[in-house]
Amino acid sequence: MTIFGYRIPMMASLLVWCVAWEIVGRLDLMIMVPPFSEVLRAAVDLVQTPSWQSATVTTLRAFAIGMALSIVVGVPLGILMGRIKLADELLGMWVSIFSSAPLSALVPVLMILFGFGEKTIIAAVFLFAIWIIVLDTRAGVRHISPSLIEMAKSYGATKRALYVKIILWAALPEILAGIRLGLIRGVKGVVIGQLLVAIVGYGALFETFSRNFRMAEFWALTIILFAFALLISELIERLEAKVEFYAGAR
Amino acid sequence: MRNATLRKGPTLMPEPVDAIVEVRGVSKSYGNVEALRGIDLDFPRGKLTSLLGPSGCGKTTLLKIIAGLVNADAGTISVNGRTVSKPGPERAFVFQDFALLPWATVLRNVAFGLELRGKAAAEREKIARHYIGEVGLAGFEDKYPHELSGGMRQRVGLARALSVDADVLLLDEPFSAVDEQNRRKFQEDLIRLRTTQNKTFIFVTHSIEEAVYISDRIVLLSPRPGRISQIIEPEIDRSVDPDRIHRDKHYLDTVEEIWQGLKQYVD
Amino acid sequence: MAGVGTEGGAISLAPSTGRSDAGRWQDNPTLLRVLSVVLFAGIWQIAGMIPVSFAFPTFVDTFTAFLGMIADGSLPKAYLSTLQPLILGVVLSTFLGVGVGTLCGLWRTGEWLFIPIFIVLQAAPVAAFIPMVTFIYGIGMTAKTLAVMILALPVIVLNTYKAVRNVNVSLIAMCQSFLGTRWQVVSRIILPDASPVIFAGLRLGVAAGFVGVVLAELLITPTGIGDLITFHRSRANYAAMYATIASIIALSTLTLVALEWVETRMFRPEKRGA
Ligand SMILES: Nc1ncnc2c1ncn2[C@@H]1O[C@H](COP(=O)(O)OP(=O)(O)OP(=O)(O)O)[C@@H](O)[C@H]1O
Ligand SMILES: [Mg+2]
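Please read these numbers as outputs of a predicted model, since none were measured by experiment. Every residue gets a number counted from 1 within its own chain, in the order that chain's sequence is written. Think of it this way: whatever chain is written first is A, whatever ligand is written first is 1, and the rest follow in order. With pLDDT at 70 or above as the cut-off, local features in this predicted model cover only qualifying residues; side-chain atom pairs require 80 or more to be listed or tallied, and sums for whole chains, interfaces and linings still use all residues. To get the side-chain values, all heavy atoms of the structure are used, and hydrogens and water are removed first.

### Considerations on the overall build of chain C
Then comes step 1: Helix and strand content of chain C: 10 helices and 0 strands.
Then comes step 2: Each helix is a run of DSSP H or I of at least 4 residues and each strand a run of E of at least 2, with the numbering of both proceeding from the N terminus. In chain C, the succession of helices and strands from N to C terminus is α-α-α-α-α-α-α-α-α-α.
Then comes step 3: Type-normalised accessible area, obtained with a 1.4 Å probe on protein chains alone, sets the label of each residue: buried when under 20%, exposed when over 50%, and partly exposed for intermediate values. Counting across all 274 residues of chain C, residues that qualify as buried make up 48%.
Then comes step 4: Relative to all contacts within chain C whose residues are 6 or more apart in sequence, the contacts with residues 24 or more apart total 72%. By the convention used here, residues are in contact when the closest approach between their heavy atoms is within 4.5 Å.

### Re the sheet that holds strand β3 (residues 33-44) of chain B
Either a parallel or an antiparallel arrangement is found when strands of a sheet pair, and the pairing is made through backbone hydrogen bonds.
Residues and elements named next belong to chain B.
Then comes step 1: Reading across the sheet, the 4 strands line up as β3-β2-β5-β6 and stay open at both edges, with antiparallel pairing between neighbours. One side of each edge strand has no neighbouring strand; the edge strands of this open sheet are β3 and β6 (82-84). Looking at each pair of strands side by side, their axes are set apart by 30° on average, direction ignored.
Then comes step 2: Note that strand β2 (residues 19-30) and strand β5 (residues 74-79) share 5 bridges and pair antiparallel. Of the residues in β5, the one forming a bridge with Val23 is Ile77. Two strands are said to pair when DSSP picks up at least two bridges between them. Axis definition: a line fitted to C-alpha atoms, limited for helices to the stretch in contact. Angles are taken between N-to-C directions and run from 0 to 180 degrees.

### Some thoughts on the interface of chain C and chain A
Then comes step 1: Contacts between the two partners involve 64 residues from chain C, matched on the other side by 65 residues from chain A.
Then comes step 2: Joining two parts hides part of their accessible area as seen by a 1.4 Å probe, and the buried area is that hidden amount summed over both. Across the chain C/chain A interface, buried area totals approximately 5,700 Å², and carbon plus sulfur atoms make up 79% of it.
Then comes step 3: Any Lys or Arg side-chain nitrogen found within 4 Å of a carboxyl oxygen on Asp or Glu counts as a salt bridge. Linking chain C with chain A are 0 salt bridges.
Then comes step 4: Pairs of N or O atoms are called polar contacts if they sit within 3.5 Å, as long as, within protein, a hydrogen donor faces a hydrogen acceptor (for residues adjacent in sequence, only side-chain-to-side-chain pairs). Counting the contacts that link chain C with chain A gives 5 residue pairs in polar contact (both at pLDDT 80 or more).

### Here we look at the arrangement of the chains
Then comes step 1: Counting contacts across all 2 pairs of chains that touch, the top pair turns out to be chains A and C.
Then comes step 2: If you take every C-alpha in chain B and every C-alpha in chain C, the smallest gap between them is 9 Å, and the two do not touch.

### Remarks on the packing of helix α6 (residues 118-142) of chain A against helix α9 (residues 172-197) of chain A
All names here are of chain A.
Then comes step 1: Interaxial distance between α6 and α9 falls to 7 Å at its minimum, and their mutual angle equals 160°. Between α6 and α9, the crossing angle belongs to the class labelled roughly antiparallel. Handedness of the crossing formed by α6 with α9: right-handed.
Then comes step 2: In terms of residue class, the contact of α6 with α9 is built from 14 nonpolar, 9 polar and 3 charged. Relative orientations are named as follows: roughly parallel for angles under 35 degrees, roughly antiparallel for angles over 145 degrees, roughly perpendicular for angles from 65 to 115 degrees, and oblique for any other angle. Each crossing gets its hand from how the near helix is turned against the far one by less than a right angle, where anticlockwise is left-handed and clockwise is right-handed. For this scheme, ten residues count as nonpolar: Ala, Val, Leu, Ile, Met, Phe, Trp, Tyr, Cys and Pro. Four count as charged, namely Asp, Glu, Lys and Arg, and the remainder, Gly too, count as polar.

### Here we look at the pattern of salt bridges
Then comes step 1: For the structure on display, the rule yields 30 salt bridges over all chains.
Then comes step 2: In this structure, B:Arg24 and B:Glu22 form a salt bridge, with 3.5 Å as the shortest nitrogen-oxygen distance.
Then comes step 3: A relative accessible area of 22% means that B:Glu22 is categorised as partly exposed.
Then comes step 4: Between C:Arg108 and C:Glu111 there is a salt bridge whose closest N-O contact spans 3.5 Å. Within this pair, C:Arg108 and its partner C:Glu111 are both found in helix α4 (residues 108-123), separated by 3 residues, close to a single helical turn.

### Considering the domain arrangement of chain C
All names here are of chain C.
Then comes step 1: Domain boundaries shown here were taken from an automatic or database domain assignment. For chain C, the assigned domains are domain 1 (20-56) and domain 2 (57-271).
Then comes step 2: A C-alpha centroid distance of 30 Å is found between domain 1 and domain 2.
Then comes step 3: Contacts between domain 1 and domain 2 engage 8 residues on the former and 7 residues on the latter.
Then comes step 4: Summed over both sides, the interface of domain 1 with domain 2 buries roughly 750 Å², with 69% coming from carbon and sulfur.
Then comes step 5: On the surface where domain 1 and domain 2 come into contact, there are 4 residue pairs in polar contact (both at pLDDT 80 or more).
Then comes step 6: Class assignment of the residues belonging to the side of domain 1 that touches domain 2 gives a composition of 6 nonpolar, 2 polar and no charged.

### What to know about the site of ligand 1
All names here are of chain B.
Then comes step 1: Near ligand 1 there are 13 residues, and of these Ser55, Lys59, Thr60, Thr61 and Arg224 occur at the shortest range.
Then comes step 2: The contact in question runs from an oxygen atom of ligand 1 to an N or O atom on the backbone of Cys57, over 3.2 Å.
Then comes step 3: Using a 1.4 Å probe, accessible areas were evaluated by the Shrake-Rupley method; residue-level cover was limited to the displayed protein chains. Protein coverage of the free-state accessible area of ligand 1, which is 630 Å², stands at 63%.
Then comes step 4: Counting only elements with at least two residues in the shell around ligand 1, the list comes to β3 and α1 (59-67).
Then comes step 5: Per-element accounting of the shell around ligand 1 gives the leading share, 3 residues, to α1.
Then comes step 6: Taken together, the residues of the shell around ligand 1 sort by class into 4 nonpolar, 6 polar and 3 charged. Note on definitions. A residue lies near a molecule or strand when any single heavy atom of the residue is within 4 Å of it.

### Here's the deal with the pairing of strand β11 (residues 228-233) of chain B
Residue and element names in this part refer to chain B.
Then comes step 1: Taken across its 6 residues, β11 has 5 buried, putting it largely inside the fold.
Then comes step 2: As judged from the 4 bridges shared by strand β10 (residues 217-221) and β11, these two strands associate in the antiparallel manner. Bridge pairing in β11 places Val219 opposite Ile231.
Then comes step 3: The turn linking β10 back onto β11 is made up of 6 residues.

### Describing the nonpolar core
Then comes step 1: Take the buried residues of types Ala, Val, Leu, Ile, Met, Phe, Trp, Tyr and Cys, join any two whose side-chain atoms come within 4.5 Å, and each joined set is a nonpolar core. If you look at the biggest cluster of nonpolar residues, it comprises 223 residues, and the most contacted ones within it are B:Val21, B:Val23, B:Leu41 and B:Leu158.
Then comes step 2: If you tally residues by element for this core, the top one is α6(A), at 15 residues.
Then comes step 3: Beyond its immediate stretch of four places on either side in the chain, B:Val21 contacts B:Leu41, B:Asp42, B:Phe43, B:Ile66, B:Ile77, B:Ser78, B:Val79, B:Val168 and B:Ile202.
Then comes step 4: Listed in part, the 11 residues of the second largest apolar core include C:Val164, C:Val185, C:Val186 and C:Ile198.

### Overview of the packing of aromatic side chains
Then comes step 1: Stacked, edge-to-face and tilted labels apply to pairs of Phe, Tyr and Trp rings (six-membered ring for Trp) whose centres lie within 6.5 Å, assigned for plane angles under 30 degrees, over 60, and everything in between, in that order. Inspection of every chain in the model, using the stated rule, returns 20 aromatic pairs over all chains.
Then comes step 2: Judged by centre distance (5.8 Å) and plane angle (75°), the rings of A:Phe63 and A:Phe228 are edge-to-face. Separated by 165 residues along the polypeptide, A:Phe63 in helix α3 (residues 50-83) and A:Phe228 in helix α11 (residues 215-247) bring together distant segments of the chain.
Then comes step 3: For A:Phe63, a relative accessible area of 6% puts it in the buried group.
Then comes step 4: The exposure class of A:Phe228 is partly exposed, given its relative accessible area of 27%.
Then comes step 5: Taking 5.5 Å as the distance between ring centres and 55° as the angle between the ring planes, the aromatic pair formed by A:Trp219 and C:Phe129 counts as tilted. On the criterion of chain membership, the pair formed by A:Trp219 in helix α11 and C:Phe129 in the loop between α4 and α5 (130-137) is interchain, its members lying in two chains.
Then comes step 6: Judged by its relative accessible area of 13%, C:Phe129 is buried.

### Some points on the interface of chain B and chain A
Then comes step 1: Facing the 26 residues of chain B at the interface are 20 residues of chain A.
Then comes step 2: Buried surface at the junction of chain B and chain A, both sides included, amounts to about 2,000 Å², of which 68% is carbon and sulfur.
Then comes step 3: The interface formed by chain B and chain A holds 2 salt bridges in total.
Then comes step 4: We note a salt bridge from B:Lys64 to A:Glu150, for which the minimum N-O separation is 2.9 Å.
Then comes step 5: Inspection of the region where chain B meets chain A yields 5 residue pairs in polar contact (both at pLDDT 80 or more).
Then comes step 6: Mapped by element, the contributors of at least two residues to the side of chain B that touches chain A are β7 (91-94), α2 (106-116) and α4 (150-163) of chain B.

Set out below in C-alpha cells:
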C-alpha cells in the first residue's frame, strides 16, 4: 500500500491492529481483552519470572530435539522415496496421509506411550514436522534434472559422490522449504503437545493463566509464542533466499 | 577438386580407417518404441563426426549408449579396441542443457570431472583454469552459472569435458540452447579446438548447415527405428575465412543434397 | 514474508489412473497400494504382539474394537456430535474465507490491512486460543465451531487471496477489451480462473478443521470423538482408544481424497485421465 507516494510495508498494518487493540482494551468492552500496553507490560514482567524461563528452556529443548530428529530422519527418507520407486510406492501413501491427518488425535497415544513428560512433547514435534520434510525433500529430488545425474555418472561419480555432491545440493532449496514448513508445524506440535499434557512448559503456564483469568499474561505468552514462530520461519526464509540465489538458474 | 564423397546405403561401410569408437550391431527399444536397430558404425580417430537425423530418430540414444549412460539391448561398443558398457575416463559428455552445478562457480564446475576422479584441489584448479582460458572464459572463474549467458554456460560444459583429457568428446546438440550469434562464434571455436586438441568429436545436431560446416563426416539416420541411411564426408576447407565458407558453393551444394535426402522424412 | 506459499510436493492420494502394461509387480499401482496397506497392518500387528508397550494393542484387536464400537452405537453417536460443529465451521469458514480473500485480492487497502493478520495466524500456533474460546463460549457447539474456524479460516483466506491476486492478467485485459464491466471481469474471469486454487485452499481448510475439532474435544468439551478417546484412555481400554483415533484419521483422509477427486474432476480438466 502507498500513502502520499510512500510505500508502506504490508506488515506495518499489524501496528494499526495493535492500536485498535489498545483502544478496545481501554474501552473495557471485553474482559478477555486487556489493553495492548498492559499486555506488553505483562510480557516484560513475564520474561523475568523463573517459571517462564524454565518453561522456555523446556519448550525450546523439546522443540530442538524433535526438530533435529525429524530432519535427520525426514531428509534421508525423502531422498530414498525420491530415488527408489518401490520405496515411494510403499511409503508415499502413508506419508501423505499423515501429512494432512489431524495428528492432534494421536497426542493421547503419545502420552500413554511416552508418559506425561518431555518425551511426549519431543514425539509430538517429530510427528508434526517430519511428513512435510519428507514430502518436500522427495519433490526436490524428483525435480533434479536427469542430465545432472547423467553428468555425474559420465564423469565416473561413485554412489556416495552422487548423493553427497549432486543430489543433496540440487534438492537443497526444496529441502529447506520443507524444513521451514516443518518448523512451523513443529511449533504447532510443541504447543498442542504441551496444551494436552498440560503440566509441561508453556502448556502449564497457559493452563494457570487461563484458569486464574490472568488475561494480560495469557496474551503476553501468546504473543511471545507467535513472535517465536514468525522469527523462526523468517530466519529459514533468509537462508532459503541465499540458496535460491545460486540455485536461481535451475 | 573438393568433392563430397557420398556413400549410399547402410551396407557400404567406409574402408577400415583407424577407428577409435566402434559400434557393432547396436539395437535399443524403450518398451515398445524401437529407437535404434542394428547400428554398425566406426568413428575415425581425430575427426569430428556428426549424427544428423529427424527428431526422435535415436541420435541422443546412440550417443548415450556410446557414453555408457544407456545400456543397449544388443550389440557392443568398443573404445580404443576395448569393449565398454559403463562411462569411462576416455569419453566425456557435453550436455544439451549444460548440466552445470548451479551452486558451484565456473572454476569448480570445470574442475568437477577431476574432482570426482579424486584429483587434488590445487592441481585440478590449475588444469581447469587452463581450459577456462582455452574456451575464452578467462576472468569468469568465480561467477556462478546463472550469471552467464547460454553460450558461456555451454563453454563451461565444454571446458569441463576438455579438462578430464578424454580421447572422445560426445556432444549432444550442444548449441541448441544457445542464441544464434553465440552459436556461430562457438562453431568457429569448435573448429579451432578440433585442430589444436587432437581429440575425436562425436556431435549430435538437428541443423544441416551446422553439420556441414563443422564435420569431417556426417552420419544420416533414418526415422524410427534409427538406422544409418547415408554417410557423407563434406571435405570443406576450413582454413579460409569462416564467412566465406558459408557462401561457398560446395558448402551450399552439400547442404542442399542432405536436405533432398532428408526431405522425404518430413511431412 | 512467511506463509503465503502453499505446501508443495504433495503426493496425490486420489486413485491413480496410470495403467501398467508391463507385467512386473513393481509396476502395478493397485497391487503396490494393497501391499503398502498390508505391510502397515502387518507391522502394526507384529509391534502389538511383541508388544512394544503395554499400551500398544495389535491391529486385529484394534479392528475388533472398532467393529464393537460401531455395533454398540458409541462411535456413530460420537461422530454425530463431532461432525456437526466441523461441518458448520467449515461451511462458515468457506463463505467468510472466500469472501475476505477475494476482497483482499481485489482491494489494495483491504489486502494491506487484513492479509498480515492471516499470515500471522497461519504461521502461529493458534491452538493456544482454543482453551480461551471455551472461557468465552462455554463448552458447547459454539466453542467447537469457533475452534474449527480459527484453524480453517486463515488457510482459506490466504489461498483465495493468492488465487485472485495471481489471476491471468491477459485474460482480464481480454475481458476489458471486449468492454466487460468491472463486475463482469470479477465474475466471469477472476473467480473462474481462481477457482482451482480456491478449491485447493478449501481442501486444506477442511484438513485444518479436523485438527481444530479434535483438539477442541480433547482440550475442553467432553463430547464427541475427543471424549471417546479420553474415556477409553482413562479406562485403559487401549484397543478402543486406538480404533477411535484411527477412525478419525481415516475419515479425514477419505474426506480429503474425495475432495481431491472432485477437484480434478471439476477444476483440472488437464489432470483428468492420462
Ligand atoms: N527414457 C526413454 N524412455 C522411453 N522412450 C524414450 C526414452 N528416451 C528416448 N525415447 C524414445 O526413443 C526415441 C529416440 O529418442 P532420442 O532422444 O534418442 O531421439 P533424438 O534423435 O535425440 O531426438 P531429438 O532430435 O528430438 O533430440 C524417441 O521416440 C523417444 O521417444
Ligand atoms: Mg536428442
